[in-house]
2 protein chains.
Amino acid sequence: MSQAATSLSDSTPQAIRGAFLDFVDDPFYVAASESVRYIPDGLLVFQQGKVLAFGAYQDLHSNYGAIEVTQYSGKLMVPGFIDLHVHYPQTEMIAAYGAQLMEWLETYTFPTEAKFKDADYARKIASFFLDELLRNGTTTALVLPTIFPQSVQVLFEEAQRRNMRIIAGQVLMSRNAPDSLLNDAETAYGQTKEQIQTWHGNGRSLYAITPRFAITSTAEELALAGKLKREFPDVYVHTHMSENLKEIELTAKLFPDCKDYLNVYEQFGLVGDRSVFAHCIHIDDSAFQRLSEAGAAIAFCPTSNLFLGSGLFKLGQAKSSQYPVKVGLATDVGGGTSFSQLQTMSDAYKVAQLQGESLSVFKAFYLATLGAAKALALEDKLGSFDVGKEADFIVLDLQATPLMALRNPVPHAESLDQLAEKAFAMMILGDDRSIVATYVAGNLASIPT
Amino acid sequence: MSQAATSLSDSTPQAIRGAFLDFVDDPFYVAASESVRYIPDGLLVFQQGKVLAFGAYQDLHSNYGAIEVTQYSGKLMVPGFIDLHVHYPQTEMIAAYGAQLMEWLETYTFPTEAKFKDADYARKIASFFLDELLRNGTTTALVLPTIFPQSVQVLFEEAQRRNMRIIAGQVLMSRNAPDSLLNDAETAYGQTKEQIQTWHGNGRSLYAITPRFAITSTAEELALAGKLKREFPDVYVHTHMSENLKEIELTAKLFPDCKDYLNVYEQFGLVGDRSVFAHCIHIDDSAFQRLSEAGAAIAFCPTSNLFLGSGLFKLGQAKSSQYPVKVGLATDVGGGTSFSQLQTMSDAYKVAQLQGESLSVFKAFYLATLGAAKALALEDKLGSFDVGKEADFIVLDLQATPLMALRNPVPHAESLDQLAEKAFAMMILGDDRSIVATYVAGNLASIPT
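Here the structure is a predicted model, which means the values were calculated and not measured.

Chemist: What am I meant to see in the side chain of Arg204 of chain B here?
Modeler: Residue and element names in this part refer to chain B. Within the fold, Arg204 resides in the loop between α7 (185-199) and β9 (206-211). Residue classification places Arg204 among the buried residues on the basis of a relative accessible area of 8%. A polar contact of 2.8 Å, which involves the side chain of Arg204, links it to the side chain of Asp392. Setting aside residues no more than four positions away along its own chain, Arg204 makes contact with Asn163, Met164, Arg165, Ile166, Leu382, Glu390, Asp392, Val440 and Ala441.

Chemist: I keep staring at the environment of Ile281 of chain A and nothing clicks. Help me out?
Modeler: Residues and elements named next belong to chain A. Within the element layout of this structure, Ile281 appears in the loop between β11 (275-279) and α11 (285-294). Judged by its relative accessible area of 3%, Ile281 is buried. When the C-alpha atoms of Ile281 and Glu113 are compared, they prove to be 25 Å apart, with 168 residues separating the residues in sequence. Among residues more than four places away in sequence, those in contact with Ile281 are Met241, Ser242, Glu243, Asn305, Ser310, Gly311, Leu312, Phe313 and Lys314.

Chemist: How should I be thinking about the nonpolar core in this particular structure?
Modeler: In summary, soluble globular proteins display a tendency toward joint burial of nonpolar side chains. Ranked by size, the top nonpolar core spans 259 residues in total, and within it Phe365 of chain A together with Phe365 of chain B carry the most contacts. Residue contacts for Phe365 of chain B: discarding those within four places in its chain leaves Leu21, Phe23, Val78, Phe81, Leu342, Met345, Leu396, Met426 and Met427 of chain B.

Chemist: Honestly, the confidence of the model for chain A in this entry has me stumped. Any pointers?
Modeler: The predicted structure's coordinates, where accompanied by low pLDDT, should not be read in detail. All names here are of chain A. Across chain A, pLDDT averages 96, with 98% of residues at or above 70. Below a pLDDT of 50 lies the segment residues 1-8, which in the model reaches seven contacts outside its immediate sequence neighbourhood of four places, other chains included. Note on the complex model: pTM 0.97, ipTM 0.96.

Chemist: I tried to follow the interface of chain B and chain A on my own but got confused; where do I start?
Modeler: Accessible area lost upon the coming together of the parts serves often as the stated size of an interface. Counting from both sides, the interface comprises 45 residues of chain B and, opposite them, 45 residues of chain A. Between chain B and chain A, a total of about 3,700 Å² is buried, with carbon and sulfur atoms accounting for 64% of that surface. Broken down residue by residue, the surface that chain B buries against chain A is led by Tyr97, Lys350 and Leu406 of chain B, which jointly contribute 17%. For the pair chain B and chain A, the interface holds six salt bridges. Between Asp347 of chain B and Lys350 of chain A there is a salt bridge, with its nearest N and O atoms 2.6 Å apart.

Scoring rules and cut-offs
- Residues numbered from 1 in each chain as written.
- Chains lettered and ligands numbered in written order.
- Predicted model: local features only at pLDDT ≥ 70, side-chain atom pairs only at ≥ 80, totals over all residues.
- Heavy atoms only, no water.
- Helix = DSSP H or I, 4+ residues; strand = E, 2+ residues; numbered from the N terminus.
- Buried < 20%, exposed > 50% of the residue type's maximum accessible area, 1.4 Å probe, protein only.
- Polar contact = N/O pair within 3.5 Å; in protein donor to acceptor, adjacent residues only side chain to side chain.
- Contact = heavy atoms within 4.5 Å.
- Core = buried A, V, L, I, M, F, W, Y, C linked by side-chain atoms within 4.5 Å.
- pLDDT = per-residue confidence, 0-100.
- Buried area = accessible area lost by both parts, 1.4 Å probe.
- Salt bridge = Lys/Arg side-chain N within 4 Å of Asp/Glu carboxyl O.

Below you can see the structure in the form of structure tokens.
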């Protein structure tokens, strides 16, 4: 994507016509008829990377008659997917065999991440990773790099080349890992501070203070992370919590004064409305309540939770009316098994079914769009087609394979009920082949094949 | 696939060179070094649909110098997958939302199956279904049609057009379903008998006496099924068992004199060495032991068991040394979510991981090849590259997507350890795109795209 092309399309208004799906409220709490916005024949007008107008074609087209319209017949446009938790250095070790979390980290993850000291290598993988996100319709992600500042820098540089809104931050690790992946807490504090000043709010980049998890940080390091959060309150906190029983046991041993896992992060001032905790599988009512009250968010990673045998996330409880917690969907590659948020929704459905709950396609899409945007406090910028938001969106093919075409012989839906059925089949059967086009800030992304 | 083409290639010996994987024993009980046969540079020679020679290229090529050799470099050849339990009429209703077994049957399945009274419609779906199997590398399946004799007939006819070894039989249902799907038990007995005489052993077709499950058959009908089994002892029995808790509860009510679900089938003489029971999720030690002693088989359907929230199959117990039960892998479409045995293996891995067990790629491939052949008592004909077996095999691409190519930068494995890692990544990340070619009885299948 050359600068010239970007500038050209930025300055000229563009329009897309077709069927659009997004959300105006949370379908976990509000009936689909009130929370889902489905426009069977809609028009999206955007300019300079932002939505200029959005609505029914018949209402808008006379106002925008001069603009060239790209029509996607029989397709479905939705906001770009947001991946709320993913490790870019683990891209190449996805699908590693035979272990649960702690052994998997030692055997596969740590040796792989050590390679990211080499900035050229890191750039190669970062570049592949971002293209893979786009290939799967993911336009924004909350990403873990490694402990190496250069692994953060190349990720932001490559994201900016693609004009993608990526949130990331140097991984903080000061104990319980191989020496090659440990950093001095004070050094990491200084590096993080410098990176926040360089990257947070630079273009579309945003920064997250990223202690890996309680086990790999000393109390000193978590205290410095808390200090950073106080110094830069609008920066994110991104970490893991309560994924695996052995991890929880070890955390309890390392922090004997904390009443539970969440309390470790609470004690260091790391739990607030821009904190994202990945997994949260084995947490109790009290922790759900405290997360709710703090406005913190959970990244639900179903393919990973199944692949690593971590357990079943209690989505129903997280989205209770009494103590609602913000939840977004996440692939968690390389513990997760796919970059596709469609495949991730499919596994989310399975996780819910095993608990006797049904995850509707609207709830699932919400978790990967507006729900995740809210989890990131970015609902003013991302997650729906509202006027003024950034024009990150994707074009979905409900007939991407012969089987999907048989299942959805007529791809276009006239009603919300029809859409629910057709889109659900796509969510269960679909993968990257369903992503016809990915638009990033109004520009059609060019993705290597 | 024209008759002429079939005859031509049948009479001329053909050879394939490349890397081959199959099994000479069961990797659940015998170390991979003794049970897995991996030939990094092998030669497979076949003629008239059967394997003529198989071994290392260097050992064989001088004997077969005159034969034209097709080389698949960087690919992996394995025996054709066997799908041990799948419903062809449910192809078009795969991925139906929001229910567990009993409601799912009523809401989606029964209305769909009623359409198969129309033979033309049934043929259209049977044709698509068989092509979809081939697209996914599945060359043999144990299939449920519907209660309509014509739905059985068109399936066998379409399978014979493709020369596929398909096992099926008219579904027996005489109660607890809509009237349109009920048949008189005596009538069904007569129809089944006639079909057995027509189809069992006709070409590659084989017949299975197929009571849907205990709930939809009266005691009279199960008794007639048992009578058929005594009259035709080498015919299969194919049914469901212990998939869902509500189903089990209702079965217990309907058959109060039976000590458990399996005992219903036992009482009617339906449990033997050609009996295949799909699911068997909620069965106890006694049932595992009795299945083992009877030589009966279980079809393990992980994508379905997750999708319908049925539960986690105890594969470790089924494959115990004390009471080993034959197990084969099955997609169970339309309760299952994919025709791909690779995706089915991936979900099988997840089901095992949730129970703290790891399913190696060799065990997984065994369940879909030689293990399933043994479950069908067809290990003399199918499931490996042994000389004299039928030449059903597939060519796998370990680099079928950009992500898979990154994960497996060098597709060719020299050692068993290398193969285990590479093939495992394919099993987790792969789908129909990994199936480069499907050979049915020595002929390259032509599959619509």
